[in-house]
Amino acid sequence: MVKNRSESILDLKCFRKVMLIFGICILLIIQNSFQGLAASVINSYRSDGLQHKTVTGHVLAVNNTPLAGVNIIEKGTTNGVISGPDGKFSIAVSSGNSILTFSFIGFEVKDVVVGDQTNLEITLDESLTGLNEVIVIGYGTARKKDVTGSVASIGAGTLQQVQTSNMISGLQGRAAGIDIVNNSTQPGSSGQIRIRGNRQMATTSGASDAVDAPLLVVDGIPFGGSITDISTNDIENIDILKDASATAIYGSRGAGGVILVTTKRGKAGKPVFNYNVYYGISNATGFYHVFDGPQYAKYKDEAKAGNGGSSSYGLSTAEQDGLTNGTSTDWQKLIYRQGSTVEHQLSVSGGTGGTKYSFGGSYYSEEGIVPGQDFSRFSLRTTIDHQISKRLRAGINTMNTLSYSNAGGNPVSGLCRLSPLVAPYLPDGTLNQTPLTGLLDNLTVNPLTIITNAASIKNLTRRIRTFNSLYGEWDIIDALKYRINVGLDYRQDQNDNYMGPNTMYNTNTTLDKATEYVGNAEAWTYTIENLLTYDKTFLGKHRVTFTGLYSIQKDHSLGNQFNGTGIIADYLQDYNLNLANTLTANNGTFTERGLISYMGRLNYSYDGRYLLTATVRRDGASVLSKGHQYFTYPALALAWNISNEQFMKNIKPISNLKLRGGWGVTSNQGINPYATLGVLGVDFYNYGSTPAGNNPGFLVQNLANKSLTWASTSQFNIGVDFGLFNERFTGSIELYQQKTKDILLSMTLPPSNGASSIVVNAGKTQGKGVEITLGATIIEMKNGFKWSADMNFSMNREKIVALQDPNLKEDIGNGWFVGQPLSVIYDGVKLGIWQIADSVQAAVYGCKPGQIRIKDLNGDNILNGSDRTVIGNFEPKWIGGMTNRFSFKGIDLTFVAYARMGQTVVVPYFMTDGGANGYPFFNNSRVNSLYRDYWTRTNPTNAFPRPDAGSDNVKYSSTLGYLDGSFIKARSISLGYNLPSSLLSHINVSSLRLYVTCLNPFIIYSPFVKNGYGLDPEGNGYGGVSNSTLGGTPVPGRAITVNLNAPPTRQFQFGLNMNF
Amino acid sequence: MKRYIKSLLFLLLTIVLMLANCTKILDEQPRASVTPDYFTTPGGVLGGITGVYSDMRNLWGTEGFLNMVVGGTDEVLKGGSGNPNFFEYGIVNSDIADLWRIAYQDINTINGVLQYGATVALPDATRLQYLAQAKFLRAFYYFYLVQTYGDVPLHVTFLSNASTADSRASIADVYAQIITDLTEAADQLPAVPTAPFLGKAATSASAKYLLAKAYLTRGWSGAAVSGDFQAAYNLCVDLITNKATYGIDLWQDYASVNIKANDYGKEVLFVIDHSTDLKYGEYTTGSAASGPKENKSNFYFRPNYPTINANYPASGGSSVMIRDIPNGRPFIRVRPNGPYLINQAFAERVNDSRWDNTFQVAWIANNGAITTPRGILTPAVDTAIWTPPFEVTPARRAAFKGIIVTPSGAPKNDPTSKSSWDPAMFPSMKKYDDATRAQLNDGSTRPFVMFKFSEVYLIAAEAAFKGGGTLQNAADMLNVLRQRAAYRSNKSAAQNTAAAAAMTITPAQVTLDFILDERTRELYGEYQRWWDLVRTQTLSARLNTWNKLEAYPKYSASNPPNAFALRPIPQTQIDLVTQGPAFPQNPGY
């Protein structure tokens, strides 16, 4: 039975390999046939007789070295060639009026009128500044120098410096105002992203993400679901729209900022093969520091003393023996393994004549440090851009992904809780199956069973995704263009879960106690966008661009889940639920939402000096109440390129100076479908013991609000972009202020009203901040040594301005306080521990020495709800990132650091409320727990209370877990070597780069880690916080907390990137 | 021309896509959730009632609820893993919120049932039955709310507008509503369970039981109305006289009362149903005590028998027992209060069978042949652990192979262990045992028995004692139960008759304390005690007498005698009332 499981793993691995080889073969075949196809396409164009003049020439850089691979295109046509290795080219053009456009990465684009010339010598200027760089601004593009809003742009090179399974974690610390915090340590997880802080008051993490997370747009199409479906290597560029004047074009979708992802597409020219591979190994950066054997025994003794000498948690015989013979098992060390990551990516791209193409496949696989946790992904991608006729273009991008994610189980808290005084193996070498025999927790099963009995553990999510975007473009007249974008995104998830008996996760011993689970979910989104663009320059100086949009979008999802209990044989797992002893269905899910949008945008530029952008968008959303479904968003932005003014020409040090200002309104429809209709809670009940009495039941739990409308955010942004000393130093400074009103929030009602919550348009928030981005080439030496650095810094201050009732200053139940950030900690103030000398005073509060001492804020000698106050929040005082690059003769070294300072971190594993929250049995010594400086009669510390075997519920323990979460981390160090072309040309390889990267090399500064409270202050999950003994929930469930999850890892990667 | 056609086709396709059905895109049609409109259908009205019954599973059988109504009384001490907050009157805010929240959530749903049920298309008889159920349930929750919190908000109409304001109504108003609802329910409910409300759902008898208790409780309270005790007594007499009509009666043997087979038997008036059905019973099997709707009453009263080692009280040696299904899952939350039970309530253990039928005191060896200092235990034969309600001689201890834990705490004899056996090992209350559940750690599959016919006699006795009848009436009522308790199936008729005679009391013996002791004998651990002591205003006095080390000290500090006779208003309620006057807390918190 066991064997069968491993066979199926083998099958899967085998299947993956076959898929990979198969993919590569297909690529090679397609490459050959495509070249033939491309040639015939070119011939077909030749044969129509349009070309009748041949121009030859060569392209040089300023230093007179020939440039190979330059794109040369006859403007307004599909006719193009690429310069040869010596920079020479030959192209047939239609007439002397033809204009040739020369473009090459890293150089300025140059247009040349052919005229009478037949032999051209073209010199391209290196693009010293990124000002001509094209930036995606949503429903179009603009040159950086023409942008009026606040946009951060991150290129593929930057992203690839930190290879991760998803691009979001690669963005950490790379752009000002983008705050990314880890919220999981599972393989394949992403993080929580906020651009310029939170705006909306949400009650849960899911709701918070729904309203405040940025919109992700891939090739113009909104991208739902997991970002891990996109391979970082497929990304050409990421542009992040931050201010409202830029995001207003996304209207109701744009309030949280917009991340625009552009994927790689084919470029005209010979086929270019790109092969990317890296292999990484990862290890835990450390283990949770728990009591060792003797410390654990002492802790139990102290807990017994703390309970007046009695304890239900004495040592078992085995533990007693273990103490005598020096057993001190480090369970974490036994379980965690070395993780690994591997990615192969092969692609080919090119284009000739009217067609540009790219296609490729990749395989990504990650094994986590927790046995049983892994993630793998296969993807195939194709892009085709085709010039159908002189005025018609069409193209497609199709990304197809298949991923398997095995989440295994979470052994972490079990490992920390298990007694160190028992041995993992029995003297005869067999596994000590139930190491806690003779104790209250005698059923606990040895954690090593998750390795020895891995075939009984399955927690698999299989996802198929196909993300497709098609476009057609029609040049109606020269300046007027119509474009249609159609997006279709389809995802299908299947969950397969099996927990057989005799493992750490299912401690039962018989197969009738196995559990099985099968879930299926599908989701699709379609988007249809119609765009009209008019772009014309009048009288040489007035450039007008108008964009009009009409679009509709529909999202759909549904799911069904079934649970089984018991199975007749282990190998059946969840494959045939009909063989389960019992079967139940979970609630099915179904949601649909629709959005209709109209948008108009006018860009006007006078002489490249004065720029104006005006936008209006109108959105209608199905999730809002009838009659309140539409909302209009205006935006206006102005910019002044001061450096283009005549009077600046003489001020040589300043190479670029631009002033920008913008205002806009964006909004949010971030409520769940059907919130305006209301939902009944579903229960079941059996009247009596016969099926005749079985009935479904319903409860009113939430109230419907029939007048829900939009929340809206208005934002002002002022920015300065500057470049000094010929762009050797560049930078920008942004200041913004935003106000959000009519916030859609789920308002918790007093329980006595009978309904728990209602969604309302209420509340106002405000945010303001500063963002500074600097770039500099610090050293550039003649011998080729170069040191450049990028730095970003941002501060955001969010606060609640008004609650549902204008007179209300605090809504404790929901954790909202006027004047405070959107999520705060509201609890008692821990002064320390009651000492023996204070026992009389302690008794006033019903406490005794060794217990937590809380400040009696109102001095009434009673500790209750009115002694709570705001004692911290999750908003950092500032965040910053720094990237240093050193290069010398093909060798480069990159170092990325990231800081998030001044926020409070919440650590549930130092808390307990006797219920499901915090660390169950935290201070009563029933189980092992984290090492800490606890109070005893001889150790009168103020840090942690006295252990007490008599109490599951440590009074005021929630206050133990609020700690300084500031940190500065080294994100990555990467060392690369580009082999010289002299070497590579012999083997027909155009470039080859080898690199070594270390991710998460070390933590530079963190009081949390330094004090031994944990491994990483950054967070790894949500909630888990104890209720406050003073009443209420001190930390809202939406806050990221540091839970007892898998330790963070340090990863070394070895990679190769080759073009040929 | 060719290209022109291409353009045309392209344009055509575009137009088709542009005109894609886009007005409908803003309409909503839920398909996997039930909208409140369903309430306006017959199925919705029944579903609302059922939802409320189902929601009760979130209270009775849960640990928080156990702490609230069992903890901090004269009957129990905190077990080794118990929560000191209730047992010792510490801070209780965080554990008190469930009853409040669930009661009001259910009351609101019931108000919806009453509103829509009045007009929805139903046969008159069915409508009457549904509405009577609803009235019963509304009164049921208000009765527990008013006893627990005192003045509470009184809502009798379905909530249609969200409000963050609320205020408390006087207990007089709340009792008036309870009595109105229950009087109507008692008239309109059928005498015996009738489909669809099968099993032991509300009937006319259970409504009368609750009404009697409501009169009794109001009679004791500051909102007393003259005639309350009389009304309570009369209702009890009505139930006893007409017991055949209601299909109710007492079992001959007290041992039959609390066994699984009789959960739907003649002595039971009303239960909260549970079953092994994963769907309708909302039963979770194999889970780690996580299902909030599980009936875990079979866990809380258990001692930590698997940790008692062979050398006890010294350390070392193997465990003499292992956890198994018949002996149950040891939660160690509640420990019997030895001094009160042994010396007072169950001082009579010969003629009265109820001590023996309430507690398990012996554990038969089940962990192989374990060697203790006094011999080898034979599995399934020898008693491995014995927790007698008396002290034993050293000679007897030496002759006993297993472990003996006596009430004085001996052999541990630790003066700080508050006596009453050992916090980890004590007699186990067995009324809620469920030996037929599937897995060791599973909650009980038995229904939670709420109202029993036997308590009608106790209510009648208390009402008579308080003036609703004569002392003779009170003694008569108590004697019915006492004489029944004298019966043992393994004794001869003559022996039983003699025992019954010995158990019979005279009117002169009827005192309030006697009635309260009798309630312990009959109903020990049945989730009533805290309310009993609060109702009879004896909480402080009886804790002073019987629970001085654990529960009483908080009283003696600086609080008036009847402080803590109300539980605190949940802090969430106070925090969330953000409009209008602040929601006041009960005194002492």
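Up top is the structure these notes are about.
Calculation rules
Residues numbered from 1 in each chain as written. Chains lettered and ligands numbered in written order. Predicted model: local features only at pLDDT ≥ 70, side-chain atom pairs only at ≥ 80, totals over all residues. Heavy atoms only, no water. Helix = DSSP H or I, 4+ residues; strand = E, 2+ residues; numbered from the N terminus. Rg over C-alpha atoms; globule rule 2.2 N^0.38 Å. Buried < 20%, exposed > 50% of the residue type's maximum accessible area, 1.4 Å probe, protein only. Contact = heavy atoms within 4.5 Å. Areas by Shrake-Rupley, 256 points an atom, 1.4 Å probe, with all protein chains shown as cover. Lys, Arg positive; Asp, Glu negative; His and termini not counted. Charge placed at Lys NZ, Arg CZ, Asp CG, Glu CD. Salt bridge = Lys/Arg side-chain N within 4 Å of Asp/Glu carboxyl O. Arc of directions from axis to C-beta. Phe/Tyr/Trp six-rings, centres within 6.5 Å; stacked < 30°, edge-to-face > 60°. Pairing = 2+ DSSP bridges.

A.B. asks: Would you explain the overall build of chain A in this entry?
C.D. replies: Within chain A, the regular secondary structure consists of 13 helices and 54 strands. In summary, chain A has a C-alpha radius of gyration of 32 Å against a globular reference of 31 Å for 1060 residues, a match within 12%. Each of the three principal axes of chain A carries a C-alpha extent, and together these read 105 × 70 × 70 Å. Buried residues in chain A amount to 56% of all 1060 residues. Counting only contacts in chain A whose residues sit at least 6 apart along the sequence, the fraction spanning at least 24 positions is 69%. When the accessible surface of chain A is summed, it comes to about 40,700 Å², and 58% of that surface belongs to carbon and sulfur atoms. On chain A, the mean spot of the 88 positive side-chain charges and the mean spot of the 79 negative ones are 5 Å from each other.

A.B. asks: Looking at this structure, how should I read the overall build of chain B?
C.D. replies: The secondary structure content of chain B amounts to 22 helices and 11 strands. When the backbone C-alpha atoms are referred to their principal axes, chain B occupies close to 115 × 65 × 50 Å. Evaluated residue by residue, chain B yields a buried proportion of 61% over its 589 residues. For chain B, the accessible surface area stands at approximately 20,000 Å², while carbon and sulfur atoms represent 58% of it. Here chain B contributes 53 positively and 50 negatively charged side chains, and the mean placements of these two sets differ by 5 Å.

A.B. asks: Just checking my understanding: could you explain the interface of chain B and chain A for this structure?
C.D. replies: Many authors give the size of an interface as the accessible area that is lost as the parts come together. With 112 residues of chain B at the interface, the matching set in chain A holds 110 residues. Our count for the chain B to chain A interface comes out at three salt bridges. Residue D27 of chain B is joined to K626 of chain A by a salt bridge in which the shortest nitrogen-to-oxygen separation is 2.4 Å. Those elements that provide at least two residues to the side of chain B that touches chain A are α1 (2–18), α2 (42–55), α4 (84–87), α5 (97–117), β2 (268–272) and α22 (571–576) of chain B. The greatest single-element share of the side of chain B that touches chain A, amounting to 10 residues, is contributed by α2 of chain B.

A.B. asks: Teacher, can you tell me more about the pattern of salt bridges here?
C.D. replies: Think of it this way: side chains of opposite charge can pair up when their charged atoms draw near. According to the stated counting rule, one finds 69 salt bridges over all chains in the structure shown. R393 of chain A is paired through a salt bridge with D475 of chain A; the nearest N and O atoms lie 2.9 Å apart. Of this pair, R393 of chain A sits in strand β21 (residues 392–406) while D475 of chain A sits in strand β22 (residues 457–477); the two residues are 82 residues apart in sequence, bridging distant segments of the chain. Of the two residues, R393 of chain A and D475 of chain A, both sit in the buried class. Across the pair D790 of chain A and R885 of chain A runs a salt bridge whose closest N-O atoms are separated by 3.4 Å. Residue D790 of chain A is located in strand β39 (residues 786–802), and its partner R885 of chain A is located in strand β46 (residues 878–888); the two are separated by 95 residues in the primary sequence. A residue is classified by how much of its surface remains accessible, and R885 of chain A, at 22% relative accessible area, is partly exposed. Among the ionic contacts, a cluster of salt bridges with common partners joins E267, D352, R354, R482, R484, E518, R521 and E522 of chain B.

A.B. asks: Teacher, can you tell me more about helix α17 (residues 493–503) of chain B here?
C.D. replies: It helps to recall that an α-helix has 3.6 residues per turn; residues three or four apart then point in one direction. All names here are of chain B. Listed in full, the buried residues belonging to α17 are N496, A499, A500 and M503. The arc that holds the buried residues of α17, viewed along the axis, is 100 degrees, so those residues lie on one side. In α17, those exposed residues whose orientation departs by more than 90 degrees from the buried face are A494, T497 and A501. Along its buried surface, α17 packs onto α13 (354–358) and α16 (471–485).

A.B. asks: It is not clear to me how the side chain of T203 of chain B should be interpreted in this structure. Could you clarify?
C.D. replies: Here T203 of chain B shows up in the loop between α7 (171–188) and α8 (204–220). Residue contacts for T203 of chain B: discarding those within four places in its chain leaves L189, P190, A191, V192 and P193 of chain B.

A.B. asks: Hey, could you run me through the environment of P330 of chain B in this one?
C.D. replies: Its place among the elements puts P330 of chain B in the loop between α11 (297–300) and β3 (334–336). With 68 residues separating them in the primary sequence, P330 of chain B and A398 of chain B have C-alpha atoms 28 Å apart. Leave out the neighbours within four places in its chain, and P330 of chain B touches L440 of chain A together with F299, R302, P303, N304, Y305, P306 and R323 of chain B.

A.B. asks: Could you clarify how one ought to interpret the packing of aromatic side chains in this entry?
C.D. replies: Two aromatic rings, taken as a pair, are described by how far apart their centres are and by the angle between their planes. All names here are of chain B. Taken as a whole and assessed by the stated rule, the structure comprises 76 aromatic pairs over all chains. Taking 6.1 Å as the distance between ring centres and 40 degrees as the angle between the ring planes, the aromatic pair formed by Y53 and F270 counts as tilted. Here Y53, found in helix α2, pairs with F270, found in strand β2; they are 217 residues apart in sequence, far enough to count as distant. Classification of Y53 by relative accessible area gives buried; the value is 0%. Geometrically, the ring pair formed by Y104 and Y142 is edge-to-face, given 6.3 Å between the ring centres and 80 degrees between the ring planes. Taken together, the residues Y104 in helix α5 and Y142 in helix α6 (residues 124–149) connect sequence positions 38 residues apart. Across the pair, Y142 and Y104 agree in class, each one buried.

A.B. asks: Got a minute to help me understand the pairing of strand β25 (residues 542–565) of chain A in this structure?
C.D. replies: For a regular strand, side-chain orientation follows a simple rule: the groups alternate between the two sheet faces. Residues and elements named next belong to chain A. Pairing geometry for strand β24 (residues 515–538) and β25, over 24 bridges, is antiparallel. Bridging across to β25, D535 finds its partner in T545. A loop of three residues connects β24 with β25, the two strands running antiparallel in sequence, and L539 in this loop sits at a positive phi of about 50 degrees. Pairing of β25 with strand β27 (residues 589–606), which is carried by 18 bridges, proceeds in the antiparallel orientation. Paired with L558 across the two strands is F590, which belongs to β27. For β25 and strand β26 (residues 582–585), the ladder comprises four bridges, and the chain directions are antiparallel.

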